[in-house]
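# Secondary and tertiary structure notes
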Amino acid sequence: MTKIDVLLGLQWGDEGKGKIVDVLTPRYDVIARFQGGPNAGHTLEFNGTKHVLHIIPSGIFHQDKINLIGNGVLIEPRIFRQEIDALTEKGVDATRNLYISQKAHLILPTHRMMDAANEQAKGGAKIGSTLKGIGPAYTDKIARNGIRVGDILAPDFVERYGQLKRQHLTMARAMGFDVDAFRIDGLDLGQYEQLWMESLGTLKRFRFVSSEYFINQCLREGKKILAEGAQAMMLDIDFGTYPFVTSSNTITAGVCTGLGVPPGTIGRVMGITKAYCTRVGAGPFPTELFDETGRRLCELGHEFGATTGRPRRCGWIDIPALRYACMINGVTDLFVTKPDVMNDFDEVCMCTAYDIDGQRTDEIPFHYNTADIHPVLTAHQGWKQSLQGITEYAALPAALRSYLAEIERLTGVGIAAVSISPDRKDVLFKQ
Ligand code: GDP
Ligand code: IMO
Ligand code: MG
């Protein structure tokens, strides 16, 4: 019996998970997504081309590997179809190696409408959702109203769809939401629904599986499985910066419920962090920089959302949050991405603790959203050189290696590899 390795984000998302999964895929037989949905945007780059995946696992470009969408994932058929079409254009036929759990829930067009209605109702306190329908679809799952992938083959599918849609329309109107003015990609609900329904045809071309049986069988056969996380630790529904979070368990524990594997089958847990920190959407971010340095990080790091195109907020790396992430997830290996963005910086800072009302702490307080948190910063010497062309960890500049060693010391977790460009080839493993 083999173990299932996990790869997840340790910050507020966009750490470079997709890229690292793509790099690690040759070592595995199966790549499985276990939560989230089209709110994710995972970017891969190779041979001078950039690819962005939302619902499809990031191992898809390795056509000899199985990619699995687990029961914990949400599928929006129209977005799924667009992703499949984009892959087809690039000559990738995913019908052979992409399997979908029958138990994965569907995002309806009216879930997306409800996302917008909820955000509107929150006014100034809005989450900054990606508006892909994530919160409302998971709400229906928990409320036992959801429709699952396997249900699209059932004779009463259209009836169940209609019932749920009517419920959403009633709720949205009761909230004072202007249903008629609502648009998705410039289309009104009726027009979008038509595309959505047509897209079910694309979904039906794929192999629907009982992913829990499939995965457990793979483990028994000694196959190697990598579980790919979406979003990240600090967006977790239970342990993130609630309510400014997503609606799923993004943490290692989510692998068990999102794929149907026992806790004892979890193997290595690979946590990804940027060498600095970003966040997109609303919510607390103690190390956020509002100055020229923050703007430079955004510009040099091309920090714009892969799903929504929104500029990401930028700041220094946050060690208390990283330590928390390592604790909750049982991280065994760290991957650090994007130090190259700070190549020109004279100094690079690290937040090692929080100062809250004169008290120093390195824990994430309950009142994270409202507390007046001042990051305690330590400055490190910049490396002031390009990392381009470096192919070995040991050849990284000494100042960068000492910065990385400090991250290892403060988190108590060893670094497995460092990524120094968006390209697949630029990942330097330490051993
Ligand atoms: P994910 O959601 O965690 O998969 O990350 P995203 O794809 O949303 O955002 C990461 C961004 O950083 C993408 O544009 C990547 O191409 C880019 N990226 C990943 N690793 C590196 C790196 O080491 N250096 C640089 N400069 N960019 C990187
Ligand atoms: P990847 O997988 C960064 C953020 C949104 C918003 C909050 C809730 O690419 O790292 P939701 O649409 O889930 O209701 O939004 O979570 N968010 C992400 N931020 N990366 C992501 O995914 C995200 N998915 C959701 O910006 O603040
Ligand atoms: Mg992303």
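Read on for an overview of the structure.

### Some remarks on the coordination of the magnesium ion (ligand 3)
Summarising the metal site, the magnesium ion (ligand 3) is bound by the protein donors Asp 14 (OD) and Gly 41 (O), whose distances to it range over 2.0 to 2.2 Å. With a gap of 27 residues between them, Asp 14 in the loop between β1 (4–9) and α1 (17–24) and Gly 41 in the loop between β2 (30–33) and β3 (42–46) connect regions that are remote in the sequence.

### Remarks on the site of ligand 1
Around ligand 1, the surrounding shell holds 19 residues, and the nearest of these are Lys 17, Gly 41, Thr 43, Asp 340 and Ser 419. Asp 14 places a polar side-chain atom, nitrogen or oxygen, 2.9 Å from an oxygen atom of ligand 1. Here an oxygen atom of ligand 1 sits 2.7 Å away from a polar atom, N or O, in the main chain of Lys 17. Its free accessible area being 590 Å², ligand 1 has 93% of it covered by the protein chains. Spatially, ligand 1 is embedded in the second largest pocket. Listed by contribution, the elements that provide at least two residues to the shell around ligand 1 are α1 and β3. Counting residues domain by domain, the shell around ligand 1 receives three or more from each of domain 1 (4–104 + 206–269) and domain 3 (273–429).

### Brief notes about unusual backbone geometry
With an omega of 5°, the peptide bond between Tyr 242 and Pro 243 qualifies as cis. Examined against the element boundaries, Pro 243 turns out to sit in the loop between β10 (225–228) and α8 (253–259). Despite not being glycine, Leu 131 has its phi angle at roughly 60°, a positive value. By the element assignment, Leu 131 lies in the loop between α3 (109–122) and α4 (134–142). Taking the relative accessible area as the measure of exposure, Leu 131 reaches 37% and is therefore partly exposed. With a phi close to 65°, Arg 144 is a non-glycine residue in the positive phi region. Within the element layout of this structure, Arg 144 appears in the loop between α4 and α5 (157–174). Arg 144 sits in the exposed class, given a relative accessible area of 75%.

### A word on the nonpolar core
Soluble globular proteins: nonpolar side chains tend toward being buried together. Counting residues in hydrophobic clusters, the biggest one holds 75 residues, and the most contacted among them are Met 342, Leu 396 and Tyr 403. Domain assignment of the residues forming this core places at least three in each of domain 1 (4–104 + 206–269) and domain 3 (273–429). Excluding its chain neighbours within four sequence positions, the residues that come into contact with Met 342 are Ala 275, Tyr 276, Leu 297, Trp 316, Val 348, Trp 383 and Tyr 403. Ranked by size, the runner-up nonpolar core spans 44 residues in total, among them Ile 79, Leu 164, Ile 184 and Leu 189.

### Let's talk about the packing of aromatic side chains
For the structure shown, the criterion picks out eleven aromatic pairs. Ring plane angle 45° and centroid distance 6.2 Å describe the contact between Phe 157 and Tyr 161, whose orientation is recorded as tilted. Of this pair, Phe 157 and Tyr 161 are both found in helix α5, four residues apart, which corresponds to roughly one turn of the helix. Look at Tyr 161 and you get buried, because its relative accessible area is 4%. Seen in terms of ring centroids, Tyr 161 and Trp 196 are 5.2 Å apart; in terms of plane orientation they differ by 40°. Their pairing is tilted. With Tyr 161 in helix α5 and Trp 196 in helix α6 (residues 189–204), this residue pair connects regions lying 35 residues apart in the sequence. The pair Tyr 161 / Trp 196 is uniform in exposure class, with both members buried. Through pairs of rings, three or more aromatic residues link up here, namely Phe 157, Tyr 161 and Trp 196. Across from the ring centre of Phe 46, 3.7 Å away, lies the NZ or CZ of Arg 424, which sits over that ring.

### Looking at the pattern of salt bridges
Inspection of every chain in the model, using the stated rule, returns 21 salt bridges. In this structure, Arg 424 engages Asp 22 in a salt bridge whose closest nitrogen and oxygen atoms are separated by 2.8 Å. Of this pair, Arg 424 sits in the loop between β19 (415–419) and β20 (427–429) while Asp 22 sits in helix α1; the two residues are 402 residues apart in sequence, bridging distant segments of the chain. Take Arg 424: its relative accessible area is 27%, and that puts it in the partly exposed class. The exposure class assigned to Asp 22 is buried, which follows from its relative accessible area of 2%. Note that Asp 362 and Arg 323 form a salt bridge whose closest N and O atoms lie 3.2 Å from each other. In this pair, Asp 362 is assigned in the loop between β17 (359–361) and β18 (373–381) and Arg 323 in helix α10 (residues 319–329), connecting sequence segments 39 residues apart. Arg 323 sits in the partly exposed class, given a relative accessible area of 36%.

### What about the pairing of strand β16 (residues 347–356)?
Extensive coverage of β16 is indicated by the burial of seven of its ten residues. By the bridge criterion, two bridges tie strand β14 (residues 317–318) to β16 in an arrangement that is parallel. Bridge pairing in β16 links Asp 318 to Cys 351. In terms of strand pairing, β16 meets β18 through nine bridges, oriented antiparallel. Paired with Met 350 across the strands is Thr 378, a residue of β18. Both β16 and β17 contribute to a ladder of three bridges, which runs antiparallel. Note on β17: the bridge partner recorded for Tyr 354 is Thr 361. Turn length for the β16-β17 hairpin, with the two strands adjacent in sequence and antiparallel, is two residues, and the turn residue Asp 357 shows positive phi of about 50°.

### Describing the state of the cysteines
Between two cysteines, a covalent bond joining their sulfur atoms is known as a disulfide. By the definition in use, this model includes zero disulfides. Cys 326 takes part in no disulfide bond, and the closest cysteine sulfur, belonging to Cys 277, lies 13 Å away.

### Some points on the site of ligand 2
Taken together, 20 residues sit near ligand 2, with Lys 17, His 42, Thr 130, Gln 231 and Thr 246 positioned nearest. In the environment of ligand 2, an oxygen atom lies 2.6 Å from a nitrogen or oxygen atom belonging to the side chain of Thr 246. Protein coverage of the free-state accessible area of ligand 2, which is 550 Å², stands at 97%. Of the residues that constitute the shell around ligand 2, the class distribution is seven nonpolar, ten polar and three charged.

What counts and what doesn't
Note that residues are indexed from 1 along each chain, following the sequence as it is written. Here the convention is simple: chains get letters from A, ligands get numbers from 1, in the order in which they are written. Local features in this predicted model are restricted to residues of pLDDT 70 or higher, and side-chain atom pairs are both shown and tallied only at a pLDDT of 80 or more, whereas totals for entire chains, interfaces and linings draw on every residue. As a convention, hydrogens and water are excluded, and side-chain values are obtained from all of the structure's heavy atoms. Note that water is not among the atoms used; donors are N, O and S atoms within 2.8 Å of the metal (3.2 Å for Na, K and Ca), so sites may look incomplete. In this description a helix means any DSSP run of H or I spanning at least four residues, a strand means any run of E spanning at least two, and both kinds are numbered starting from the N terminus. Any residue with a heavy atom positioned within 4 Å of a molecule or strand is treated as near that molecule or strand. Here a polar contact means two N or O atoms within 3.5 Å. Within protein one must be a hydrogen donor candidate and the other an acceptor candidate, and residues neighboring in sequence count only if both atoms are side-chain atoms. For the area figures, the Shrake-Rupley method with a 1.4 Å probe applies, and any residue is considered shielded solely by the protein chains shown. Cavity: a set of points on a 1 Å grid over the protein atoms alone where a 1.4 Å probe fits but cannot get out. Pocket: an open set with protein on both sides within 12 Å along at least five of seven lines, its lining residues, like those of a cavity, having an atom within 4 Å of a point. Criterion for pocket placement: a molecule counts as inside a cavity or pocket if more than half of its atoms are within 2 Å of its grid points. Note: domain ranges come from an automatic or database domain assignment. Accessible area is worked out with a 1.4 Å probe on protein chains only. A residue is then buried under 20% of its type maximum, exposed over 50%, and partly exposed in between. Only buried Ala, Val, Leu, Ile, Met, Phe, Trp, Tyr and Cys residues count toward a nonpolar core, and they belong to the same one when joined by side-chain atoms within 4.5 Å. Whether two residues are in contact is decided by their heavy atoms: any pair within 4.5 Å suffices. Only centres within 6.5 Å qualify two rings of Phe, Tyr or Trp (six-membered ring in Trp) as a pair; their planes then separate them into stacked at under 30 degrees, edge-to-face at over 60, and tilted for everything else. Comment: the charge-over-ring label is applied if NZ (Lys) or CZ (Arg) is within 6 Å of the ring centre and within 35 degrees of the ring normal. One speaks of a salt bridge when a side-chain nitrogen belonging to Lys or Arg is within 4 Å of a carboxyl oxygen belonging to Asp or Glu. A strand pair is defined by DSSP finding two or more bridges across the two strands. Cysteine sulfur atoms are paired as a disulfide whenever they fall within 2.5 Å. Residue polarity follows a fixed list, in which Ala, Val, Leu, Ile, Met, Phe, Trp, Tyr, Cys and Pro are nonpolar, Asp, Glu, Lys and Arg are charged, and the others, Gly among them, are polar.

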